[in-house]
Amino acid sequence: MYRIGTGYDVHRLVEDRKLILGGVDIPYEKGLLGHSDADVLLHAISDAMLGALALGDIGKHFPDFDPKYKGISSIKLLKEVNNLISPYKVSNIDATVVAEAPKLSPYIEKMREQIADALSIDISCVSVKATTTEKLGFCGRGEGIEAQAVCILKKNDN
């Protein structure tokens, strides 16, 4: 049996924060503001996984008012979400990051590796793409970064 879920996240770009996307630290003058490391890509993927099983979103499971999640790595949260979705396993992820800058193509393969490793799946099951909004909207003005994700879960055979 298969289940499908979608996820979306957005965070504001601010100074004095690291920019972490897909578990990768990306050199840039700004980073994303959030209670955790604010990794919009991993948050969108986590929400897609949870949504596929109608388990709510990451805010339900890892609330931003809980101090134990302050500054936490979203890779750790993704691993926790992977535990929450058992007895299903991720079959496929397709995700898109929307950012005017920085250029993300040099980091895409490392993002795919990080995600695949966190979920214990083959890298061929993880697609990460990046695009701009041609300078339109809050992303185009460099005010924030957004991510969208779709995932398919497959029930484990055992």
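The paragraphs below set out a description of the structure included in this document. Only a predicted model underlies this, so the values are computations on that prediction, with no experimental measurement involved. (Residues numbered from 1 in each chain as written. Predicted model: local features only at pLDDT ≥ 70, side-chain atom pairs only at ≥ 80, totals over all residues. Heavy atoms only, no water.)

### Some details on the pattern of salt bridges
Phase 1: In this structure the tally under the stated criterion is five salt bridges.
Phase 2: Note that Arg112 is salt-bridged to Glu109, the shortest N-O span being 2.9 Å. Of this pair, Arg112 and Glu109 both sit in helix α4 (residues 108–119), separated by three residues, roughly a single helical turn.
Phase 3: Ionic pairing is found between Arg141 and Glu143, a salt bridge with its closest N-O pair at 2.7 Å.
Phase 4: Judged by its relative accessible area of 54%, Arg141 is exposed. (Salt bridge = Lys/Arg side-chain N within 4 Å of Asp/Glu carboxyl O. Helix = DSSP H or I, 4+ residues; strand = E, 2+ residues; numbered from the N terminus. Buried < 20%, exposed > 50% of the residue type's maximum accessible area, 1.4 Å probe, protein only.)

### Let's talk about the pairing of strand β1 (residues 2–14)
Consecutive side chains along a regular strand alternate between the two faces of the sheet.
Phase 1: Bridge count between β1 and strand β7 (residues 144–155): eleven bridges; the pairing is antiparallel. Each bridged residue has a counterpart across the sheet, and for His11 the counterpart in β7 is Ile145.
Phase 2: In terms of strand pairing, β1 meets strand β4 (residues 31–32) through two bridges, oriented antiparallel. Considered in β4, the bridge of Val14 is made with Gly31. (Pairing = 2+ DSSP bridges.)

### Considering a nonpolar patch on the surface
Phase 1: On the surface, a cluster of nonpolar side chains totalling about 240 Å² of accessible area is made up of Tyr8, Val10 and Phe138.
Phase 2: Within the fold, Phe138 resides in helix α5 (residues 137–140).
Phase 3: The class of Phe138 is partly exposed, set by a relative accessible area of 32%. (Patch = residues over 30% accessible without salt bridge, like charges linked within 9 Å, V, L, I, M, F, W, Y side chains within 5 Å. Areas by Shrake-Rupley, 256 points an atom, 1.4 Å probe, with all protein chains shown as cover.)

### Thoughts on the sheet that holds β4
Phase 1: The sheet built from five strands is open, its strands ordered β4-β1-β7-β5-β6 with mixed pairing. Only two strands of the sheet have a single neighbouring strand rather than two, namely β4 and β6 (126–131).
Phase 2: Direction of pairing for strand β5 (residues 88–98) relative to β6: parallel, over a ladder of six bridges. Considered in β6, the bridge of Val97 is made with Ala130.
Phase 3: Taken strand by strand, α4 contacts β5 and β6, and its axis lies near 145 degrees from that of β6. (Contact = heavy atoms within 4.5 Å. Axes fitted to C-alpha atoms, helices over the stretch in contact; angles between N-to-C directions.)

### Observations regarding the pairing of β7
Phase 1: Across ten bridges, β5 lies against β7 in antiparallel orientation. Residue pairing for β7: Ile93 is matched across the bridge by Cys151.

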